[in-house]
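Spelled out, the chains give:
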Amino acid sequence: MSTPSGLHYDHTRLAEVLATWRGMDPASRAHRDAVNECLMDVVASPLIRGTSDPDHEGMWEADVTGTGLTFTYLPNTETRSIWPLDIS
């Protein structure tokens, strides 16, 4: 998953995070759609869509609208990549 600007997720890590979340939270279709929308928004604008975690330098969080879930990630502007950490 990437954008025309060249930002991209680490695909292996994204698959791991999604599998872990799905295994722990067999979410409804609406929640899965909301998570997918959040992932697309973050990859398009990671520093605008999310907020910096003041307790963990470099870590960002984005609320998944309407779900009570948060997507946590590490953006790297030098490599144009996003390292997914967690969905919970």
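Parameters and conventions
- Residues numbered from 1 in each chain as written.
- Predicted model: local features only at pLDDT ≥ 70, side-chain atom pairs only at ≥ 80, totals over all residues.
- Heavy atoms only, no water.
- Helix = DSSP H or I, 4+ residues; strand = E, 2+ residues; numbered from the N terminus.
- Expected span 1.5 Å × (residues − 1).
- Buried < 20%, exposed > 50% of the residue type's maximum accessible area, 1.4 Å probe, protein only.
- Arc of directions from axis to C-beta.
- Contact = heavy atoms within 4.5 Å.
- Pairing = 2+ DSSP bridges.

Draft legend 1. Main features of helix α2 (residues 29-44). End to end, α2 covers 23 Å across 16 residues, agreeing with the expected 22 Å (1.5 Å per residue, within 8%). Three or more residues of α2 are buried, namely Ala34, Val35, Cys38, Leu39, Val42 and Val43. For α2, the angular spread of buried residues about the axis comes to 165 degrees, placing them on one side. Seen from the open side of α2, the exposed residues pointing more than 90 degrees away from its buried face are Arg29, Ala30 and Glu37. As for α2, its buried residues are in contact with β1 (8-9), α1 (11-24), α3 (46-49), β3 (60-64), β4 (69-76) and β5 (81-87).

Draft legend 2. A look at the pairing of β5. Here β1 pairs with β5 via 2 bridges, running parallel. Paired with Tyr9 across the strands is Ile82, a residue of β5. Of the strand pairs in this sheet, β4 and β5 are connected by 6 bridges, and their pairing is antiparallel. Looking at the pairing, Leu74 lines up with Trp83 of β5. Hairpin remark: β4 followed by β5, antiparallel, with 4 residues in the connecting loop; positive phi at Arg80, about 60 degrees.

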